[in-house]
Amino acid sequence: MSVSDARVGLVAFATGINERKGQVVAVAGIADDPEVGDPVTEGTVTYNTRYNYIVLDNTSRSGNYISADQGSRRFIGRTTLTADYSEGTLTGTSSDLEVDGQISGQEVTGSVQVDYNVSGGIVGTKVLSGRMDTALNGQVGSTGVIATFHGTDSNSAIAGGLVGTAN
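None of these values were measured; they are calculated from a predicted model.

Peer 1: Whenever I open this one, the pairing of strand S5 (residues 65-72) confuses me. Can you help?
Peer 2: It is a general feature of regular strands that their side chains alternate between the two faces of the sheet. Looking at chain direction, strand S4 (residues 44-62) and S5 are connected through 7 bridges and run antiparallel. Along S5, the bridge assignment pairs serine 62 with tyrosine 65. The turn joining S4 and S5, which pair antiparallel and follow one another in sequence, is formed by 2 residues; a positive phi near 60 degrees is taken by glycine 63.

Peer 1: What's the story with unusual backbone geometry in this structure? I'm lost.
Peer 2: A negative phi holds for most residues other than glycine; trans holds for most peptide bonds. One non-glycine residue, aspartate 33, lies in the positive phi region at around 50 degrees. The residue aspartate 33 is located in the loop between strand S3 (23-30) and S4 in this model. Of note in this structure, asparagine 58 is not a glycine but carries a positive phi near 60 degrees. Relative to the helices and strands, asparagine 58 resides in strand S4. Here asparagine 58 falls in the partly exposed class, since its relative accessible area comes to 37%.

Peer 1: Help me understand the pattern of salt bridges, please; the structure alone is not making it clear to me.
Peer 2: A side chain of one charge can pair with a side chain of the opposite charge if their charged atoms are brought near each other. Scanning all chains against the criterion turns up 4 salt bridges. Close ionic contact of aspartate 69 with lysine 126 constitutes a salt bridge, the shortest N to O distance being 3.2 Å. With aspartate 69 in strand S5 and lysine 126 in strand S10 (residues 126-140), this pair connects stretches of sequence that are 57 residues apart. Looking at aspartate 69, the relative accessible area reads 13%, which means it is buried.

Calculation notes
Numbering of residues begins from 1 in every chain and follows the order in which that chain's sequence is written. With the structure being a predicted model, the display of local features is reserved for residues of pLDDT at least 70 and the display and counting of side-chain atom pairs for 80 or more, all residues being used for whole-chain, interface and lining totals. The side-chain figures draw on all heavy atoms in the structure; neither hydrogens nor water molecules are used. Following DSSP output, two strands are said to pair if at least two bridges run between them. To qualify as a helix, a DSSP run of H or I must reach at least 4 residues; to qualify as a strand, a run of E must reach at least 2; elements of each kind are numbered from the N terminus. Accessible area is worked out with a 1.4 Å probe on protein chains only. A residue is then buried under 20% of its type maximum, exposed over 50%, and partly exposed in between. We define a salt bridge as a side-chain nitrogen of Lys or Arg found within 4 Å of a carboxyl oxygen belonging to Asp or Glu.

Right, here's the structure in full:
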């Protein structure tokens, strides 16, 4: 799956199962050379962002077999993120995300808490719901913001991305 903005860049992400290790996995990456603009060193900038994510949940193991249900947000979400360059923070909330990032130069790190409630299973009849803290990594500047978030625990995996432009 992916989420993108033509002016800033693309984030791609996936979840899956590593059957050899018996683990759920989540990966996300930013496509080459995102365009976040010039560095900002002071003041506050707001960004209109789009985000999406995929969830792997309800993991079960039996001998050498591992399975799980997969689901994703049905529609791309939207939220406003605020970068306070004087404080070095990037924050924002939506109905299912809470972004708590730190800015150092143009690098963004921190966490995204995901409160998911998505359709899963082969025909989408199961509801996957829960909460997970994920790691946030990306870039921010005068033009836009782009970042990945992903995390796993013994039962679940989430991978996603967010991208947007400055107001």
